[in-house]
Amino acid sequence: MIVCSHDTAVVILSYNGRKWHELFLPKIVEQAKDGYDVIVIDNASTDDTYQYLIDNFHTIHTIQIPVNHGFANGYHEGLKQIQAKYYILLSSDFEVTDGWFQPLLEAMNIDNKLGACQPKIRYWREREYFEYAGAAGGFMDKYGYMFCRGRIFDTLEKDDGQYNDNIEVFWASGGCLVVRSDAYHRLGGLDTDFYAHMEEIDLCWRLKNAGYRIGYIGASTVYHVGGSVISYGSPQKLYYNFRNSLILLLKNERGAKLLWLFPLRFVLDGVAGLQLLLQGKPKHTFTIIKAHFNFYGSLGKWLKLRKANKKLITIRNKEGIYPHSIIVKHFLGMKKKFSELVWQPGKL
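Quick summary incoming for the structure in this document. (Residues numbered from 1 in each chain as written. Predicted model: local features only at pLDDT ≥ 70, side-chain atom pairs only at ≥ 80, totals over all residues. Heavy atoms only, no water.)

### Examining the overall build of the protein chain
Stage number 1. Within the protein chain one finds 11 helices and 16 strands.
Stage number 2. For 348 residues, the compact-globule formula gives about 20 Å, and the C-alpha radius of gyration of the protein chain, at 19 Å, lands near that figure.
Stage number 3. Seen along its three principal axes, the alpha-carbon backbone of the protein chain occupies a region of about 55 × 40 × 40 Å.
Stage number 4. The contacts in the protein chain between residues at least 6 apart in sequence include a share of 77% that link residues at least 24 apart.
Stage number 5. Accessible area of the protein chain: about 14900 Å², with a carbon and sulfur share of 55%.
Stage number 6. Of the charged side chains in the protein chain, 42 are positive and 35 negative; the average position of the first set lies 10 Å away from that of the second. (Helix = DSSP H or I, 4+ residues; strand = E, 2+ residues; numbered from the N terminus. Rg over C-alpha atoms; globule rule 2.2 N^0.38 Å. Contact = heavy atoms within 4.5 Å. Areas by Shrake-Rupley, 256 points an atom, 1.4 Å probe, with all protein chains shown as cover. Lys, Arg positive; Asp, Glu negative; His and termini not counted. Charge placed at Lys NZ, Arg CZ, Asp CG, Glu CD.)

See the structure below:
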């Protein structure tokens with residue numbers, strides 16, 4: 001067990017991540033003077049990443065996971081070995097900035113019902129733009145489709161300071177996620193069945209159903225390379241996107257809503273598959289079909305998880321749920337920016 005000397009543990013999950021540590025870990029360690037411990041979980045790397053960490057970073061802690069069973073499992077196993085008040089789950093391909101930590105710590109200390117939060121996430125390759133995985137906070141529309149302030153589907157906004165505030169969101173990015181350790185463990189942590197996509201949204205939804213709020217803190221900025229776990233646009237990414245979104249809804253959504261939502265999602269996913277087929281991407285269409293077969297083939301398993309989740313529900317916090325269809329607004333209404341939705345989330 002690693003007992004941290006500070007309230008916060010910045011926990012970096014790494015798999016063959018030496019190139020990212022060479023680029024980004026020195027700054028993370030330098031900023032630790034503001035009051036956090038740095039811990040790297042090596043998720044069964046097959047290269048010299050672990051030895052590189054041992055040889056070059058003497059002030060950090062390391063944990064080795066013997067077998068790689070995915071992103072969620074790496075954190076699931078590693079965090080059981082870390083004692084701290086707050087965890088910051090930080091992917092290895094993130095660059096932090098001067099003063100990134102204090103605004104996040106202050107937000108968590110001020111509000112004990114803030115279960116998790118994230119900073120502003122900008123794109124490392126085009127640094128003036130928000131990044132795909134989290135941007136300026138995550139939301140869900142009434143049909144269960146996810147989007148971000150600063151990123152709707154594949155449209156990224158330029159950061160002109162329009163999202164420098166602190167707001168309540170529906171979900172915070174798993175790439176840089178601050179979470180209360182006691183709540184994390186009490187609610188079961190990241191679900192390892194998700195493997196590597198949407199597991200943080202599932203955790204945030206469970207936190208909200210347990211009475212916590214999820215926040216976005218605009219005074220903190222980090223940069224994300226992106227695509228280092230699963231490449232954007234790959235069939236694997238598509239598979240987990242479609243399969244895990246169904247698991248997410250079944251585990252956490254109200255039963256009465258699922259009666260009409262699941263048939264609708266089945267139709268909409270079919271339309272998406274047909275569109276990909278017409279674009280000459282039959283492999284992607286087959287991937288969507290495979291995702292549905294896997295979901296329905298394991299339905300009993302997901303229903304057991306739903307039953308376990310229901311026991312932890314104290315209140316359904318609906319803040320961050322967009323009351324319309326983001327698909328209709330974006331593709332038919334041509335709304336490319338969050339500000340064009342004419343809808344404002346609540347302040348923290």
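### Here we look at the packing of aromatic side chains
Stage number 1. Taken as a whole and assessed by the stated rule, the structure comprises 24 aromatic pairs.
Stage number 2. Measuring from ring centre to ring centre gives 5.0 Å for phenylalanine 153 and phenylalanine 331, while their planes differ by 50°; the resulting arrangement is tilted. Of the two residues, phenylalanine 153 is situated in the loop between strand E11 (151-152) and strand E12 (155-156) and phenylalanine 331 in helix H11 (residues 326-332); the sequence distance between them amounts to 178 residues.
Stage number 3. Given a relative accessible area of 48%, phenylalanine 331 falls into the partly exposed group.
Stage number 4. Between phenylalanine 170 and tryptophan 205, the ring centres sit 5.2 Å apart and the planes meet at 70°, which makes this aromatic pair edge-to-face. Taken as a pair, phenylalanine 170 in the loop between strand E13 (166-169) and strand E14 (176-180) and tryptophan 205 in helix H6 (residues 199-209) lie far apart in primary sequence, 35 residues in all. Of the two residues, phenylalanine 170 and tryptophan 205, both sit in the buried class.
Stage number 5. Among the aromatic residues, those joined into a cluster by ring pairs are Phe130, Phe139, Phe147, Tyr163, Tyr322, Phe338 and Trp343. (Phe/Tyr/Trp six-rings, centres within 6.5 Å; stacked < 30°, edge-to-face > 60°. Buried < 20%, exposed > 50% of the residue type's maximum accessible area, 1.4 Å probe, protein only.)

### With respect to the pattern of salt bridges
Stage number 1. One pass over the structure, following the stated rule, counts 19 salt bridges.
Stage number 2. Linking aspartate 165 and arginine 149 is a salt bridge whose minimum nitrogen-to-oxygen distance equals 2.8 Å. With a gap of 16 residues between them, aspartate 165 in the loop between E12 and E13 and arginine 149 in the loop between strand E10 (146-148) and E11 connect regions that are remote in the sequence.
Stage number 3. Where salt bridges share partners, they join Asp111, Glu168, Lys208 and Arg213 into one cluster. (Salt bridge = Lys/Arg side-chain N within 4 Å of Asp/Glu carboxyl O.)

### Regarding the packing of helix H1 (residues 18-31) against helix H2 (residues 49-56)
Stage number 1. Between H1 and H2, the least distance of the axes is 9 Å, while the angle of their chain directions is 30°. Classed by the angle they form, the pair H1 and H2 counts as roughly parallel. Residue-level contacts link Arg18, His21, Glu22 and Leu25 of H1 to Thr49, Tyr52 and Leu53 of H2.
Stage number 2. Counted by class, the contact of H1 with H2 contains 3 nonpolar, 2 polar and 2 charged residues. (Axes fitted to C-alpha atoms, helices over the stretch in contact; angles between N-to-C directions. Parallel < 35°, antiparallel > 145°, perpendicular 65-115°, else oblique. Nonpolar A, V, L, I, M, F, W, Y, C, P; charged D, E, K, R; others polar.)

### A word on the nonpolar core
Stage number 1. Formed by 67 residues in total, the largest nonpolar core has its most connected members in Ala9, Tyr75, Leu79, Ile82, Tyr87, Phe147 and Leu207.
Stage number 2. Core analysis: the second largest hydrophobic core is formed by 30 residues, Val38, Ile88, Trp100 and Leu105 among them. (Core = buried A, V, L, I, M, F, W, Y, C linked by side-chain atoms within 4.5 Å.)

### A closer look at the environment of proline 263
Stage number 1. Tracing the sequence through the fold places proline 263 in helix H8 (residues 255-278).
Stage number 2. When the C-alpha atoms of proline 263 and tyrosine 184 are compared, they prove to be 32 Å apart, with 79 residues separating the residues in sequence.

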